[in-house]
Amino acid sequence: MEKIIEIRGLKKAFGKTQALSDVSFDVSKGEIVGFIGPNGSGKSTTIRILLGLIKADEGRASIFGQDVWDEAVDIHKRVAYVPGDVSLWPNLTGGEVIDLFLSMRGQKVDKQRKEELIKKFEFNPTKKCRSYSTGNRQKVALIAAFAADADVYIFDEPTAGLDPLQERIFQEQAREVQQRGASVLLSSHILSEVEQLCDTVAIIRQGEIVEAGSMNELRHLTRTQIVMKTNEKVPSLEEQDFAHDVSREKGEIIFQLDSDKMPEFLHFIAPYHVTKLESAPPKLEDLFMRHYESTKGGV
Amino acid sequence: MAQAFMQTARLFRFSIKKDWGKISLWLLGSAFFIFGGLFEIVQLFGGDPAERETLALVFQNPGMIALFGRALGEQNFTNGAIFTQVMTIMTFILTGIMSILLVVRNTRSEEEDGILELIQAQPVGRVAHTAAAILLLVTTNILVLIISVVILMALKDSSMMLEGVLLTGTIYATSGIFFGAVTLVTAQLSTNARGAMMLAFGVLGVSYIIRIIGDVSLSFLSWFSPMGLLYNTEPFVKNDWYPVFISLGTSLLLIALALFLKQKRDMGSGLLPDKEGERHASAVLKTPVGFALNLIKTPLIVWTVALIILGVTYGSVIGDLDSLLEGNEILNQIIAAEEGVSISQQFLAMILGVLAFISSIPALQFLYRLRTEEVKGRLNNVFAGTHSRYVILGTFFLLSVCVALVLQLLASLAFGGAAVAMDFNVEFIDVLLAAMAYVPAVYILIGMGTLFLGWLPKLTAIVWVYLVFIFINLYFGELFNFPDWLRNLSAFQYVPEIPVEEWSWPVALSLTGAALAFSAIGFIGYRKRDID
C-alpha cells in the first residue's frame, strides 16, 4: 500500500527533557491509524512535528513524500487538523471561523457539506466563540476539518469535549473520509474509540514507539482471557508455559493464555472433559496496560 | 522564502476584522488627546506673546523638562514649539503603548492561546501570521499620522507650518512603529504574552528614563533613547527629518530580526527560559484576602510606583510654579486666582484631585476583578468552596477600599514631601488633609461599583464613564463654564479645596455614608443574583 505519512527515527528535546527519543511509524493510504499513549508520552509533540509547527532535532518525517518542515505550506493544502484543546477568537461567530479556515485552504467553501455537518453535530454557528463550551469549540474545528476535502486528517484527542452521541458522529465521519481514500491519524487515550475505528495502532511510551502494527498482529502478541469448567481436575495447568495468572473459583478456572498458543492449549485440555469454555479477545486496554505496567515508575 | 509569507494578505484582512473595534477606540483616544492638547495650547494660551513667554518660563523648569521634554526655542517661543515640547513625549508613550498591546495581542497572545496552532496547520506561511501583525501595526500608525495631520491642519496656528505638521504626525507614527517592532522581538523571546508585554514596557520605560537623564543633564544620552532621538527632530523649531530615518531603519532591523527568529523557532517556544513556579500554595494564598491580593499583585505594584513618581513630579514643579508666576497678572487671570492666595496653593487641591482620580482607577479595577473572574468562569470553583458570597465580595470590596486610601496617601506623601523639599510654601499636614478630603469621594465610586456588581453586572462599565466625567469636570468644568447642576453630578465637586477652604466633616461623613449605602444595597443584590 502507498505510504502517505512516513516517520523515521524522530528525536526532539525541549531543554533538558527528551520529549521524543525514537519515533517511527507509517500511515498508508485509506488507513485509520490510532496513536495511543498516556499524557506526556509525546503524542502531541509528534503531531506538531508532522504539522511543521516544531522542528525535529533528528530523524525524518514526510507527508505525501514531502518534508514536513520545509514544505509545510504545500502539504497543508491537503491536510486537515483538529487539536484536543481548541481556542478561538472570542468576538467572531463559529460560522465565521469555519468559513475562515476553509477559505485559507484555497478551496471554495462547499456550503452544502458545511450545513450538513453543522446539522449532524447539532452545532449553532451564529453564536460568538466566547460563549462556546469546550465541546462546541471542538465542533468548530471538526466541522472545518471534515468540510475540507483533505487527503490526510490529523486528530489530536478530538473527542475530549464531546458527548457519546457526538463521538459517534465523529467516528462516522472518520469512516466516511476513509472510504473516500483519505488517511487518518487519530491520537487518543480513549482506547475503545481507537479499537472501534482503527486498523492499525502505534503505541508510544516516553517518547518511544514500543509497539506498532495492525490490530490483528498485535492481538497475537498478547493474551486471551479464558474461563472454563471441566469434569476432570486440571492439576498441571499452572506448570504450562502458555498459562498465566491461574485462579480457581467455584469450580471455574480463570487464566490468561498467550494468544499464539491456542493450539497447544486445546491439545493439552482435550483429555479433561471441558464443559464450558469462554475466551475473551484481548482488549487494546490489556495490551496497553501490559506495556505500561512492565516499566512502571519511569513514566 | 516567498512561501514563508503565504496568505499574509488574507490574515491581515482577517486581523482587521477581529481587531478593528479596539483599534478604533485607540485611534479615537489619540485623536482626543492630540486635539485636547492642541486646543489648550493654541486656543487658551496662544493669543498673546507675553503669555507665551510666561509659559516658556514655566516649561524651562527642570520638573517640566523631566516630565515633557527639553525646553525648545527659548528665543522665539511659539505655539508650535510649546505644542512640541508638551505633547511629543506624551504622544510617543500613547502610540507606544497602543502598538505594544496591538502587537502582543496579534502575535504571542494568539500563539499562547493555541489559535496560531490552528492557523499554522492551514496552508499558511510560517511567518505569515507575524507579517500580518506587522502590516496591522504599520497601518494603525499611519492612521495615527493621518489623524494628527488632519487635526493639526484644522486648528492651524500661524507658527505651525505644513512641514512641521507632517513631521509631527510622522514622529508619532514612527514611535508607535518602533515600539511595535521592539514588541515583535520580545514576542519571540518570551514564551508567554505577559512576559513579552512586560519586556516591551520595560524598553518603553527605560527609554523614557534615559531621555529624562539626557534632557536634564547628560544631553548626549537623549540620542540613545528612542524617544529622545525622535524628540530631536523638534517639529516647528528645527524640523530635522534624519532622526526619523534612523528610527525607521532600526525598526526595520528589529522587524527583520523578529521574522528571522519566528521562521527558525518552534511554535510555543521562546528564547528566554521559563521560570519554575511554586509547587504548593503558601498559607497566605489560601486565605481569601491573600488570594485576591495575589491576583492584583503586579498591577498594584505598577500603580503604586507610578503614583509616587507622579506625586514627586507634581511636588517638585509646584514650588517653582509659584515663584515663576508670582505677580504675573495675565496668568493669574487665566487661572481666575483669588486675591491674597498664591496661585499654586489654589492648584494644590486640583492636583490632589487629579491624584485621587488616578488612584480611583486601580481601586475600581481591583473591585471589578471579581467580575472578570466571574465572566471567565473561574469563580465557580470559589463559590463551590466554603466561603460565602458576602466573604468573597467583601474581600474584593475591602481590598478596593484599602487600595484607594493607601494609594492616595502615598501619592500625597510623595507630593507633599517633594513640595516641602523644594521650599514650597505649604504645611505638610495641609497637603495630607487636602488629599484625604478626596477619599470619601473615591468611595462613592467604589460604592457605585459594588451596586452595579450586585444588581446590574453587565453594566459595570457605567461607573468608568462616570469616572471619565469626573475627570472632564475636574479639568474643564471651570474653563468651559459647565452649568452647576452638571458640575454637582461629580462626587469630587463637593470636596473642600484645602488649604483655601476648610476641612468639612459634614461633607466627608455624608459622602462616606452614601458610599456605604450604595455598597450595602450592592451586597444584597450580589447575594441574590445568578452567577454568570
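Please read all numbers here as calculations on a predicted model, not as lab measurements. (Residues numbered from 1 in each chain as written. Chains lettered and ligands numbered in written order. Predicted model: local features only at pLDDT ≥ 70, side-chain atom pairs only at ≥ 80, totals over all residues. Heavy atoms only, no water.)

A. Expanded view of the overall build of chain A. The helix and strand inventory of chain A stands at 10 helices and 14 strands. Overall size of chain A, expressed as C-alpha extent along the three principal axes, is 70 × 45 × 35 Å. Of all 299 residues assigned to chain A, the portion counted as buried reaches 50%. The contacts of chain A with a sequence gap of at least 6 include a subset with a gap of at least 24, amounting to 68%. Per element, the accessible surface of chain A, about 14,100 Å² overall, is 46% carbon and sulfur. Of the side chains in chain A, 39 bear a positive and 46 a negative charge, and the two mean positions are spaced by 6 Å. (Helix = DSSP H or I, 4+ residues; strand = E, 2+ residues; numbered from the N terminus. Buried < 20%, exposed > 50% of the residue type's maximum accessible area, 1.4 Å probe, protein only. Contact = heavy atoms within 4.5 Å. Areas by Shrake-Rupley, 256 points an atom, 1.4 Å probe, with all protein chains shown as cover. Lys, Arg positive; Asp, Glu negative; His and termini not counted. Charge placed at Lys NZ, Arg CZ, Asp CG, Glu CD.)

B. The arrangement of the nonpolar core in detail. One finds A:W89, A:F101, A:F146, A:Y153, A:F155 and B:F83 to be the most contacted residues of the largest nonpolar core, which totals 120 residues. Apart from residues no more than four positions distant in its own chain, A:W89 is found in contact with A:V97, A:L100, A:F101, A:C129, B:F14, B:K18, B:E110, B:I115 and B:I119. B:L307, B:L393, B:A404 and B:Y438 belong to the second largest nonpolar core, which has 65 residues in total. (Core = buried A, V, L, I, M, F, W, Y, C linked by side-chain atoms within 4.5 Å.)

C. Structural context of the packing of aromatic side chains. A full pass over the atoms with the stated rule returns 25 aromatic pairs over all chains. Pairing B:W503 with B:W505 gives two aromatic rings, centres 5.4 Å apart and planes at 80°, and the pair type is edge-to-face. Members of the aromatic cluster, each reached through a chain of ring pairs, are A:F242, A:F255, A:F265, A:F268 and A:Y272. A cation over an aromatic ring shows up here: A:R78 above the ring of A:F64, its NZ or CZ 3.7 Å from the ring centre. (Phe/Tyr/Trp six-rings, centres within 6.5 Å; stacked < 30°, edge-to-face > 60°. Lys NZ or Arg CZ within 6 Å of the ring centre and 35° of its normal.)

D. Highlighting the packing of helix α16 (residues 389-421) of chain B against helix α17 (residues 428-436) of chain B. All names here are of chain B. It is the contact of α16 with α17, at a shortest axis distance of 9 Å, that shows an interaxial angle of 150°. By the angle class used here, α16 and α17 are roughly antiparallel. Pair α16 / α17 crosses with right-handed handedness. Packed against α16, whose contacting residues are L405, Q408, L409, S412, L413, F415, G416, G417 and V420, the element α17 presents F428, V431, L432, A435 and M436 at the interface. Counted by class, the contact of α16 with α17 contains 10 nonpolar, four polar and no charged residues. (Axes fitted to C-alpha atoms, helices over the stretch in contact; angles between N-to-C directions. Parallel < 35°, antiparallel > 145°, perpendicular 65-115°, else oblique. Left-handed = near helix turned anticlockwise from the far one by under 90°. Nonpolar A, V, L, I, M, F, W, Y, C, P; charged D, E, K, R; others polar.)

E. Summary view of the interface of chain A and chain B. Chain A puts 32 residues into the contact, and the matching count from chain B is 27 residues. Across the chain A to chain B interface the summed buried area is about 2,700 Å²; carbon plus sulfur atoms make up 59%. The largest contributions to the chain A side of the interface with chain B come from A:V73, A:W89 and A:M104, which together make up 27% of the buried area. The interface formed by chain A and chain B holds three salt bridges in total. For B:K17, the salt bridge is made with A:E96, and the minimal N-O distance between the two is 3.0 Å. Breaking the side of chain A that touches chain B down by element, the ones donating at least two residues are β1 (3-14), α2 (72-76), β6 (79-82) and α3 (94-104) of chain A. Take the side of chain A that touches chain B: its biggest share by element is five residues, from α3(A). Within the side of chain A that touches chain B, the residues separate by chemical class into 19 nonpolar, five polar and eight charged. (Buried area = accessible area lost by both parts, 1.4 Å probe. Salt bridge = Lys/Arg side-chain N within 4 Å of Asp/Glu carboxyl O.)

F. Structural context of the sheet that holds strand β12 (residues 243-249) of chain A. All names here are of chain A. In spatial order, the strands read β12-β13-β11-β14; together these four strands make up an open sheet with antiparallel pairing. In the strand order of this sheet, the two ends are held by β12 and β14 (274-280), each with one partner. Each strand axis lies, on average, 20° off the axis of its neighbour in the sheet, ignoring direction. Examined bridge by bridge, strand β11 (residues 223-230) and strand β13 (residues 252-258) share six bridges and lie antiparallel to one another. (Pairing = 2+ DSSP bridges.)

G. Broad picture of a nonpolar patch on the surface. Residues and elements named next belong to chain B. On the surface, I209, I213, L218, F220, W223, F224, Y242, F245 and I246 cluster together into a nonpolar patch covering about 950 Å² of accessible area. Secondary-structure elements contributing two or more residues to the nonpolar patch are α9 (193-216) and α11 (242-264). Residue contributions to the nonpolar patch peak at three residues, all from α11. Summarising the element assignment, I213 is placed in helix α9. Under the relative-accessibility criterion, I213 is labelled partly exposed at 34%. (Patch = residues over 30% accessible without salt bridge, like charges linked within 9 Å, V, L, I, M, F, W, Y side chains within 5 Å.)

H. Representation of the side chain of B:N232. Here B:N232 is to be found in the loop between α10 (226-231) and α11. Dropping the residues within four chain positions of it, B:N232 is found in contact with B:R70, B:S222, B:W223, B:K238, B:D240 and B:P243.

I. Region of the structure containing the confidence of the model for chain B. When pLDDT is averaged across chain B, the result is 87; 92% of the residues are at 70 or more. In the predicted complex, the global pTM is 0.77; the interface-specific ipTM is 0.81. (pLDDT = per-residue confidence, 0-100.)

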